[in-house]
Amino acid sequence: MNLKIKNKTEITCPIKKTAELLSDIWTILIIKELINSKKRFSELEKILIGISTRTLTLKLKRLVLEGLVIKKDSLYSLTKNGQKLQVVFDAMAMCGKNI
């Protein structure tokens, strides 16, 4: 496994980083929707039944700051780095079908 040392007390691991990015159901579902196509905030709000406006706002801001999502002309979409998560979501879908 490829571990990188950021400072003397912190070691980063690619799996840990990915797990932290995808650490909650709303983040996972937002990315899942954006894998399919660009979406407006209001579209995501309608699709993600039960998510509050505040939660959606905070999750999208975090994804933008992490460089996984971009907002352009009122549309949210995945960046190239965000699109790399497709393989993770494909694996999750396969596991979900087989469990």
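Above this text sits the structure in question.
Residues numbered from 1 in each chain as written. Predicted model: local features only at pLDDT ≥ 70, side-chain atom pairs only at ≥ 80, totals over all residues. Heavy atoms only, no water.

*Asks:* I'd love a proper account of the overall build of the chain, names of residues and values included.
*Replies:* Along the backbone of the chain there are six helices and four strands. Reading the secondary structure of the chain in the N-to-C direction produces β-β-α-α-α-α-β-β-α-α. The buried share of the chain, taken over its 99 residues, is 26%. Considering only contacts within the chain whose residues lie at least 6 apart along the sequence, 45% involve residues at least 24 apart. Summed over its atoms, the accessible surface of the chain is roughly 7200 Å², and 58% of this surface lies on carbon and sulfur atoms. (Helix = DSSP H or I, 4+ residues; strand = E, 2+ residues; numbered from the N terminus. Buried < 20%, exposed > 50% of the residue type's maximum accessible area, 1.4 Å probe, protein only. Contact = heavy atoms within 4.5 Å. Areas by Shrake-Rupley, 256 points an atom, 1.4 Å probe, with all protein chains shown as cover.)

*Asks:* Quick rundown of the packing of helix α2 (residues 25-36) against helix α6 (residues 86-98)? Include the residues and the values.
*Replies:* The contact between α2 and α6 brings their axes to 11 Å, and the two run at 110 degrees. Put simply, α2 runs roughly perpendicular to α6. Together, Ile 28, Ile 31, Lys 32 and Ile 35 of α2 and Gln 86, Phe 89 and Met 92 of α6 make up the contact between the two elements. (Axes fitted to C-alpha atoms, helices over the stretch in contact; angles between N-to-C directions. Parallel < 35°, antiparallel > 145°, perpendicular 65-115°, else oblique.)

*Asks:* Tell me about helix α4 (residues 53-65), residues and numbers included.
*Replies:* Helix length check: α4 (13 residues) gives 18 Å between terminal C-alpha atoms against 18 Å at 1.5 Å per residue, within 8%. Along α4, the residues classified as buried are Leu 56, Leu 60 and Leu 63. Buried residues in α4, looked at end-on, bunch into an arc of 60 degrees, giving them a common side. Set apart from the buried face of α4 by more than 90 degrees, the exposed residues are Arg 54, Lys 61 and Leu 65. As for α4, its buried residues are in contact with α2, α3 (41-47), β3 (69-72) and β4 (75-78). Residue Gly 67 follows α4 closely and has a positive phi angle near 80 degrees. (Expected span 1.5 Å × (residues − 1). Arc of directions from axis to C-beta.)

*Asks:* I'd like a description of the pairing of β4, backed by residues and values.
*Replies:* Note that β3 and β4 share four bridges and pair antiparallel. Paired with Lys 72 across the bridge in β4 is Leu 75. (Pairing = 2+ DSSP bridges.)

*Asks:* Any details on the side chain of Ser 77? Residues and values, ideally.
*Replies:* Within the secondary structure, Ser 77 sits in strand β4. For Ser 77, a relative accessible area of 13% translates into the label buried. Residues within four places of Ser 77 in sequence aside, it is in contact with Leu 34, Lys 38, Leu 68, Val 69 and Ile 70.

*Asks:* Just give me the short version of the pattern of salt bridges, but keep the residues and values in it.
*Replies:* If you walk through the whole model with that rule in mind, you get three salt bridges. Notably, a salt bridge pairs Glu 20 with Lys 16, separated by 3.7 Å at the nearest N-O pair. With a gap of four residues between them, Glu 20 and Lys 16 both fall in helix α1 (residues 14-21), about one helical turn apart. Residues Glu 33 and Lys 32 are paired through a salt bridge, measuring 2.8 Å at the closest nitrogen-oxygen approach. Under the relative-accessibility criterion, Glu 33 is labelled buried at 11%. (Salt bridge = Lys/Arg side-chain N within 4 Å of Asp/Glu carboxyl O.)

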